Amino acid sequence: MMLGHDYQFSRPMLRPGARVSVDGDRVRVDYRRHGCTIRTVGAGSADVTAVLTDLQSGLRRADLVDRHPQVGPEALGALIERLDDLGLITEADGALPPGVTSGEQFYRRVRRFGRALAARRAGGAFLRALEDGTATRAQVVGYALEYYHIVHMCPALVAPALANHESPRTRDLLRDFYRTEFDHDRMLQGALAAIGIDRERLDAVIPLPTTFAQATSLAAYARVNPLAFKTCLYLFEVPAPRFQRALRERCQQLALPEAFWKPFLEHSDINEDAGHDDISRVLLREIGAVTEEEQVTTLIAVGALIETFVAQETEILHYYGDPRNPIPRIFP
Amino acid sequence: MNVEVITRPRLVGEVTTLVDGVAIDIRGVGFRVQNDVYPPEVLAALLRSLDGRRELDEVARAHRIDVDHVRALVATLDSQFLVDDAAPATGISGMQAILEIEDLLKERIHATFFDNPFWKRVLDPAAEIPHDVMYGMAIENYHFLLRETGFDSPVLGYPTSAKIRRLMNEFYIEEHQHDELVLKGLRALGIERAHLAEAMPLPGTLALVNALLYWSTSDPLFFFATLGVLEGSDSRIDSYLQRCQQMGLPSDFVAPILAHAKINMNSKHGKLSRLVFAEIPAVDATTMARLRRQAHLFVEVYDRFYQEVWEYYSSGAPLLRRISSIELEA
């Protein structure tokens, strides 16, 4: 059981502004509108005053015990506890534990971790299929549909993060991000209509599990883990000029209409122009301190998402590459 | 790209001098740095001296390289995540943070509750208090406890600290069914669960409940800071119970409520905020400013809760505001 225990001060100190005065066998501690009187017996008042004087400089608890052998550790502990009950004690030890780092410095760790993880997993299956010309029409359309799902769900995924208490600057950043993302699905709806998937059908389409996993990860972090949310955003916004080029060329080879592929390319240009590729860094810059446990939790989130992105490319090729599967994914 | 230049850069990776530039190798991934102005050996020496111990300006001076050039180089390296910032994180420890907030809460509570009609009378043995006010306090307390799972549960999965999760889950389990203890006391007055289920709490009670739910979902850190006050880290609950006994209220009513207070006291629930914050290694300045602002609001919301208890239950109005009886009047 963890409850029922009390915090042990490492360097107990009387709150700044507390005044100690002696009157015969009484020692008074006054702080703002309240205070306490400690009654002592015999020569005790000198001892108590000496302890209280030391308590004003915030010594380490062990040193305090050593300096007052006549009082003894138990009486000393009881005195500190009583003074603390009255709200008169604070902690002088303000050292941050090792591993605490700034948000922006953590971002550098994230990006290097991401790079190392990406190097371990052979990603880019869909990109290769585009570049070597093996991606079929159905697979390219499938990619577009999965991309649409993320863009379409984006406002609902991001909105909960707007409810979190954040610094005014962070709130502005998140609100601007939301504002620039909130109707991007409309331009893509036009694009999909150009290949015969109208809005009514589109609303009945469900995403692939890996696409859904990307969306729900972001949604979950927006609600319960703001640090992971801010950190993971970059994964959705990283510019990929080589991919864009390959996508355009493959669409042209497959004689897909310009009205279909152009809005998708334009959409990623908009994100880049809006500075969204840098969004995680800008958001993390606003965080002064990130603990090691927060960092590890977030790296786990980032790692899982990177692996999901890799898996999504394969899933797109498999699902949309199999003529037995319904395309678009509308199930009765 | 919006990159602010690092003041204490520390290069990651191994530097090798090449004929036409410098190579940086980081766990098998290679990067090339080329520069028209400075020869490779000068660049390599500069890069090797980015050890995080010296400020950027100092490094530039030591190598007699224009500081703007060094800045541009560091920014480029940073865009590829090849440099760290060795400047320490800023913030205070979680314990210092909660001790400051505790102090502020205490000061605010003393300042506002001193003028609160409910507490003014409870703390003054000579003041007249209608019995309904003490019963009403228990009724509103029941409404509050009944809804406690709603505002405690959002933090049970607190993702970034395993210890905080454990603490909150233990607390949650210990709090479970505390409303039943108060209900036992209210039964002594002939009030049943079914009556309470269709009774309107005072708006100030729901305001407190909803404020806590809002904080636990959107600002868990501040929610943790309120627990010490709500669970009675000071003597307020004692004062209420002492007054109940002094007024000679039936022991069937007082005893279960006293039992509830004792559980909280023995489990040191009043210290919960501290135990949680002891697990938070650092709180930055922006967060601290936010916690202070919310602390003021919280005490005001809490103060209104007690004010309304006094205003309503001292007015001679019925103890329960049952929906069915209001509808009968319509």
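All chains use their own residue numbering, which begins from 1 and follows the written sequence. Labels follow written order: the first chain is A, the first ligand is 1, and so on. For this predicted model, a pLDDT threshold of at least 70 governs which residues receive local features, and a threshold of 80 or more governs which side-chain atom pairs are given and counted, while totals over whole chains, interfaces and linings are taken from all residues. Side-chain numbers come from the whole structure's heavy atoms, not from hydrogens or water.

(A) Broad picture of a nonpolar patch on the surface. Residues and elements named next belong to chain B. Every patch collects residues that have over 30% relative accessible area and no salt bridge, joining them within 9 Å if they carry like charges and within 5 Å if they are nonpolar side chains (Val, Leu, Ile, Met, Phe, Trp, Tyr). Accessibility throughout is a Shrake-Rupley quantity obtained with a 1.4 Å probe, and a residue counts as covered only by protein chains that appear here. Within this document, salt bridges are pairs made up of a side-chain nitrogen of Lys or Arg and a carboxyl oxygen of Asp or Glu, the two lying within 4 Å of each other. Taken together, the side chains of Met200, Ile323 and Ile326 make up a nonpolar region of the molecular surface, amounting to roughly 220 Å² of accessible area. What counts as a helix is a DSSP run of H or I of at least four residues, what counts as a strand is a run of E of at least two, and both are numbered from the N terminus. Examined against the element boundaries, Ile326 turns out to sit in helix H17 (residues 323–329). The exposure class assigned to Ile326 is partly exposed, which follows from its relative accessible area of 38%. Exposed residues in this analysis have more than 50% of their type's maximum accessible area, buried residues have under 20%, and partly exposed residues fall in between, with area computed by a 1.4 Å probe over protein chains only.

(B) Looking closely at the sheet that holds strand E3 (residues 22–26) of chain B. Residues and elements named next belong to chain B. A strand pair is defined by DSSP finding two or more bridges across the two strands. Here 3 strands make up an open sheet; going across it, the order is E2-E3-E4 and the pairing antiparallel. Every interior strand has two partners, whereas the edge strands, strand E2 (14–17) and strand E4 (29–33), have only one. The sheet shows a mean angle of 25° between the axes of neighbouring strands, direction not considered. In this structure, E3 lies alongside E4, joined through 5 bridges in antiparallel fashion. Bridged to Asp25 within E4 is Gly30. Between two residues, a contact is recorded if the distance between any of their heavy atoms is within 4.5 Å. Interaxial angles span 0 to 180 degrees and are taken between N-to-C directions of axes, which are lines fitted to C-alpha atoms, for helices over the stretch in contact. Of the strands in this sheet, E2, E3 and E4 are in contact with helix H1 (residues 40–48), which crosses E2 at around 165°.

(C) The arrangement of the nonpolar core in detail. Put simply, a nonpolar core is a bunch of buried Ala, Val, Leu, Ile, Met, Phe, Trp, Tyr and Cys residues held in one set by side-chain atoms that sit within 4.5 Å of each other. Ranked by internal contacts, the top residues of the largest apolar core, which has 100 residues, are Leu83 of chain A together with Phe118, Met168, Phe224, Tyr240, Phe253 and Phe298 of chain B. It is helix H16 (residues 285–313) of chain B that provides the largest number of residues to this core, a total of 13 residues. Apart from the residues lying within four places of it in its own chain, the contact partners of Phe253 of chain B are Met134, Tyr135, Ala138, Gly185, Leu186, Ala188, Leu189, Tyr240 and Cys244 of chain B.

(D) Expanded view of empty space enclosed by the protein. Residue and element names in this part refer to chain A. Within this scheme a cavity is a closed region of a 1 Å grid, computed over the protein atoms alone, that accommodates a 1.4 Å probe without allowing it to escape, whereas a pocket is open but has protein on both sides within 12 Å along at least five of seven lines; lining residues each have an atom within 4 Å of a point. Grid points are joined across faces, edges and corners, and a volume is the space filled by probe spheres set on the points. Scanning the model with the defined rule gives 2 cavities of 30 Å³ or more in all. In this structure, the second largest cavity encloses a volume near 40 Å³. As for the second largest cavity, its lining consists of Tyr143, Tyr147, Phe243, Gln244, Leu247, Phe264 and Leu265. Listed by contribution, the elements that provide at least two residues to the lining of the second largest cavity are helix H6 (137–162), helix H12 (241–253) and helix H13 (258–273).

(E) View of the packing of aromatic side chains. Aromatic pairs are defined between Phe, Tyr and Trp rings, using the six-membered ring for Trp, whenever the two ring centres lie within 6.5 Å; interplanar angles under 30 degrees are classed as stacked, those over 60 as edge-to-face, and all others as tilted. In the structure shown here, the tally under the stated rule is 29 aromatic pairs over all chains. Both rings, one in Phe113 of chain B and one in Tyr306 of chain B, keep their centres 5.4 Å apart while their planes meet at 75°; by these two values the pair is edge-to-face. Of the two residues, Phe113 of chain B sits in helix H4 (residues 94–113) while Tyr306 of chain B sits in helix H16, which places them 193 residues apart along the sequence. The interplanar angle of 25° and the centroid separation of 6.1 Å between the aromatic rings of Tyr302 of chain B and Phe305 of chain B together place this pair among those described as stacked. Note that Tyr302 of chain B and Phe305 of chain B are positioned in helix H16 at a spacing of 3 residues, about one turn of the helix. We classify Tyr302 of chain B as buried; its relative accessible area is 6%. Phe305 of chain B gets classed as buried once you look at its relative accessible area, which sits at 4%. Taken together, Phe113, Phe118, Trp119, Trp215, Phe222, Phe298, Tyr302, Phe305 and Tyr306 of chain B form an aromatic cluster joined through their ring pairs. Geometry around Tyr319 of chain A places Arg329 of chain A over its ring, the cationic atom sitting 4.7 Å from the centre. It is Arg321 of chain B that lies over the ring of Tyr312 of chain B; its NZ or CZ is 5.5 Å from the centre. Any Lys NZ or Arg CZ found within 6 Å of a ring centre and within 35 degrees of that ring's normal is scored as a charge over the ring.

(F) View of the confidence of the model for chain B. Residues and elements named next belong to chain B. Each residue carries a pLDDT score, the predictor's own confidence in it, on a scale running from 0 to 100. Of all residues in chain B, 97% have pLDDT values of 70 or greater, and the mean over the chain is 90. Least confident of the elements in chain B is H17, whose mean pLDDT is 82; most confident is helix H6 (residues 131–146), at 96. Quick note on the complex model: pTM equals 0.84, ipTM equals 0.76.

(G) Here's a closer look at the interface of chain A and chain B. At the interface, 54 residues of chain A touch 59 residues of chain B. For the chain A and chain B pair, buried surface summed over both sides reaches about 4,900 Å², with 52% attributable to carbon and sulfur atoms. Asp84 of chain A is the partner of Lys271 of chain B in a salt bridge, and the nearest nitrogen-oxygen pair spans 3.8 Å. Residues adjacent in sequence count toward polar contacts only when both atoms are side-chain atoms; beyond that, a polar contact is any pair of N or O atoms within 3.5 Å, and within protein one must be able to donate a hydrogen and the other to accept it. For the pair chain A and chain B, the number of links is 20 residue pairs in polar contact (both at pLDDT 80 or more). Among the elements of the structure, helix H3 (73–85), strand E5 (89–91), helix H4 (103–120), helix H10 (209–224), helix H14 (279–284) and helix H15 (292–321) of chain A are those that each provide at least two residues to the side of chain A that touches chain B. For the side of chain A that touches chain B, the element with the highest residue contribution is H4 of chain A, accounting for 6 residues. The term buried area denotes the loss of accessible surface (1.4 Å probe radius) that occurs when two parts are joined, taken as the sum for both partners.

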